[in-house]
Amino acid sequence: MSKITAAITGVGAYLPEYRLTNQILETMVDTNDEWITTRTGIKERRILKEEGKGTSFLAINAAKDLINKKGIDPKDIELVIVATATPDMKAASTAAFTATNIGATNAFSFDLEAACSSFLFGMSVASSYIESGKYKNVLLIGADKNSSFINYKDRATCIIFGDGAGAVLFEPNHEGLGLQDELLRSNGEGREFLQATYGGSSYPITADTFNEGKHYVFQEGKTVFKNAVFNMADVTERILERNNLTNEDISWLAAHQANKRIIEATANRIALDPAKVMMNIHKYGNTTSATLPLLLHDYESQLKKGDKIIFAAFGGGFTWGSIYLKWAYNS
Ligand code: UT7
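Residues numbered from 1 in each chain as written. Predicted model: local features only at pLDDT ≥ 70, side-chain atom pairs only at ≥ 80, totals over all residues. Heavy atoms only, no water.

Some thoughts on the domain arrangement of the protein
Note the following rule: As used throughout, domain bounds are those supplied by an automatic or database domain assignment. The contact rule is simple, with two residues in contact once any of their heavy atoms fall within 4.5 Å. Buried area: the sum, over both parts, of the accessible surface (1.4 Å probe) that disappears when the two are put together. What counts as a helix is a DSSP run of H or I of at least four residues, what counts as a strand is a run of E of at least two, and both are numbered from the N terminus.
Domain annotation for the protein reports domain 1 (5-177) and domain 2 (179-326). Distance from the C-alpha centre of domain 1 to the C-alpha centre of domain 2: 14 Å. With 55 residues of domain 1 in contact, the opposing surface of domain 2 contributes 48 residues. Regarding the contact of domain 1 and domain 2, the summed buried area is about 3,900 Å², with carbon and sulfur atoms giving 63% of it. In terms of surface lost to domain 2, no three residues of domain 1 exceed C116, L120 and L177, which account for 17% of the buried area on that side. For the side of domain 1 that touches domain 2, the secondary structure elements donating two or more residues are β1 (5-14), α2 (33-40), β3 (44-47), α3 (55-70), α5 (118-131), β6 (138-145), α6 (155-158) and β7 (163-173).

This is how it looks when you write it as structure tokens:
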């Protein structure tokens, strides 16, 4: 019997309607469209404004998009993983709420948190469940409502992040398509450079820290930038080497959308044709766990069965890695 590989067999997405443009940000903080565009590549981001709606709202809608597109019965889904850095609530699983609300009543579910690498690491986890032979339908959702912990008075962070969600279904494949190889890493020494310090178990929020805005995300952009460029490019180059791939063999690079310059640096390291670099940061900004599935969603119609895709991500923690996957279907 041929080895079971784990293939992506469907994609869905959801983006909130409200568009926070660079022009609107100009009225909120001391910034300008030219700076944001040249330093990050971002033109606008989507923001979930409705009160009481959290990451699960984004995740549920992305999953429903996939379910409707593929015409699958949600009762056949066996596992729902919500990759997120912004769960709905403490103590209650966002994935459990999501799974029930999409009708995946036969599934077990859990959240997976690895900052901006959550979806990438989720691809590894989802694939392992499929490769084990135990499960045949694993739904992996990347969803983040970053606007819930952004300080819209801090120009160093509020220009970058947006809200959104993407979902993919993993199924067994017997033609050798799907996930081929992975190189995943983390280094906790990076934590001090990107974090929301208060509101977790180390430092619960107090009235004072709340008033000082210490529950908002803080980023030392330059340090994170340098580490992202070095590490994402490094693992991408290594995964090509160990799979005997040249830049000619690669169909697409799907890299975490944090900064256009970081994505271009990763592509340059392997001298990849810019036409093969997936890019949608201009439309959504950094949606953390949603960037990779949103790329697949936006480029799905251009993907062909057998396409060799290199995924790469870098995020808080630090966490980072690269995955080599062969696309399994024509749209
Ligand atoms: O997804 C998780 C991983 N995150 C990332 O990968 C993000 C990595 N970091 C970045 O993308 C970039 O560091 C930023 C986009 C956050 C910042 O870009 P930068 O080129 O590193 O700028 P900088 O922080 O070094 O600031 C350069 C200048 C400073 O002014 P001076 O000191 O040179 O006069 C800043 O005060 O730009 C100023 N500046 C701004 N100006 C206008 C910083 N933010 C802004 C702004 N608008 N929003």
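Here's the deal with the pairing of β6
Where we set the bar: To sort residues, take the accessible area from a 1.4 Å probe on protein chains only and compare it with the maximum for the residue type: under 20% means buried, over 50% means exposed, and anything in between is partly exposed. Strands are treated as partners if at least two bridges between them are detected by DSSP.
Taken across its eight residues, β6 has eight buried, putting it largely inside the fold. Burial along β6 is two-sided: V138, L140, G142 and D144 facing one way and L139, I141, A143 and K145 facing the other are all buried. Looking at chain direction, strand β4 (residues 79-83) and β6 are connected through five bridges and run parallel. Directly across from V80, in β6, lies its bridge partner L139. Where β6 lies against β7, eight bridges are found, and the strand directions are antiparallel. Bridging across to β7, L139 finds its partner in L169.

Here we look at the packing of aromatic side chains
Formally: A pair of aromatic rings is counted whenever rings of Phe, Tyr or Trp (Trp by its six-membered ring) have centres within 6.5 Å, and the orientation is called stacked for planes under 30 degrees apart, edge-to-face for over 60 and tilted otherwise. Charge-over-ring placement is defined geometrically: NZ (Lys) or CZ (Arg) within 6 Å of the ring centre, and within 35 degrees of the ring normal.
All told, the structure shown has 12 aromatic pairs when counted by the stated rule. When the centroid spacing of 5.7 Å and the interplanar angle of 90 degrees are considered together, the rings of Y14 and F57 count as edge-to-face. Of the two residues, Y14 sits in strand β1 while F57 sits in helix α3, which places them 43 residues apart along the sequence. Take Y14: its relative accessible area is 22%, and that puts it in the partly exposed class. Assessed through its relative accessible area of 22%, F57 is described here as partly exposed. Seen from their ring centres, W327 and Y329 are 4.9 Å apart, and the 35 degrees between their planes marks the pair as tilted. W327 gets classed as buried once you look at its relative accessible area, which sits at 0%. Residue Y329 is classed as buried on the basis of its relative accessible area, which comes to 15%. Three or more aromatic residues link up through ring pairs in this structure, and these residues are F108, F110, Y129 and Y135. Of note, K49 hangs over the ring of Y18, and the distance from its end group to the ring centre comes to 4.4 Å.

Structural notes on the layout of surface pockets
Note the cut-off: Both cavities and pockets are sets of points on a 1 Å grid over the protein atoms alone; in a cavity a 1.4 Å probe fits but cannot get out, in a pocket the set is open with protein on both sides within 12 Å along at least five of seven lines, and lining residues sit with an atom within 4 Å of a point. Grid points are joined across faces, edges and corners, and a volume is the space filled by probe spheres set on the points. Ten residues, namely Ala, Val, Leu, Ile, Met, Phe, Trp, Tyr, Cys and Pro, are considered nonpolar, four, namely Asp, Glu, Lys and Arg, are considered charged, and the remaining ones, Gly among them, are considered polar.
Here the largest pocket is characterised by a volume of approximately 1,400 Å³. Every residue lining the largest pocket is counted, 44 residues in all, and those nearest its centre are A85, T86, P87, F149 and A196. Among the secondary structure elements, those contributing two or more residues to the lining of the largest pocket are α3, α4 (94-101) and β9 (194-195). The dominant element in the lining of the largest pocket, judged by the number of residues it contributes, is α3, at four residues. Taken together, the residues of the lining of the largest pocket break down into 19 nonpolar, 19 polar and six charged. Domain assignment of the residues forming the lining of the largest pocket places at least three in each of domain 1 (5-177) and domain 2 (179-326). Its boundaries defined by the atoms lining it, the second largest pocket holds a volume of some 620 Å³.

So, the pairing of strand β5 (residues 108-112)
Rules: A clockwise path from the first strand over the helix to the second, with the strands pointing away from the viewer, defines a right-handed crossover.
Note that β4 and β5 share five bridges and pair parallel. From the neighbouring strand, V82 faces β5, where its bridge partner is D111. One crossover worth recording links β4 to the parallel β5 by way of α4, and it is right-handed.

A closer look at the packing of helix α8 (residues 221-242) against helix α9 (residues 260-269)
The description of two packed helices rests on the angle between their axes and on the distance between the axes. Note the cut-off: In this analysis an axis means a line fitted to C-alpha atoms, helices contributing only their contacting stretch, and an angle means the value between N-to-C directions, from 0 to 180 degrees. Crossings are assigned a handedness: left-handed for a near helix turned anticlockwise from the far helix by less than a right angle, right-handed for a clockwise turn.
Running from N to C, α8 and α9 point in directions that differ by 35 degrees, and their axes come no closer than 9 Å. Crossing angle aside, the handedness with which α8 passes α9 is right-handed. Mapping the contact onto sequence places F225, A228, V229, F230, M232, A233, D234, T236 and E237 in α8 and R261, I262, A265, T266 and R269 in α9. Partitioning the contact of α8 with α9 into residue classes produces eight nonpolar, two polar and four charged.

Observations concerning the site of the ligand
Note the cut-off: The rule for a residue being near a molecule or strand is that one of its heavy atoms must lie within 4 Å of it. In protein, a polar contact means a hydrogen-donor-capable atom and an acceptor-capable atom, both N or O and within 3.5 Å, with residues adjacent in sequence counting only if both atoms are side-chain atoms; elsewhere, any N or O pair within 3.5 Å suffices. Residue exposure ignores everything except the shown protein chains as possible cover, and the areas themselves are Shrake-Rupley values with a 1.4 Å probe. A cavity or pocket is said to hold a molecule if more than half of that molecule's atoms lie within 2 Å of its grid points.
Near the ligand lie 22 residues; those nearest to it are T31, R39, K222, N259 and N286. Within the side chain of W35, an N or O atom sits 3.2 Å from an oxygen atom of the ligand. Residue R39 places a side-chain N or O atom 2.8 Å away from an oxygen atom belonging to the ligand. The fraction of the free accessible surface of the ligand (950 Å²) that becomes covered by protein chains is 73%. At a threshold of 2 Å from the grid points, most atoms of the ligand map onto the second largest pocket. Of all the elements in the fold, those that place two or more residues in the shell around the ligand are α2, α8 and α9. Take the shell around the ligand: its biggest share by element is four residues, from α8. When grouped by side-chain class, the residues that make up the shell around the ligand number 10 nonpolar, seven polar and five charged. Counting the residues that make up the shell around the ligand, at least three belong to each of domain 1 (5-177) and domain 2 (179-326).

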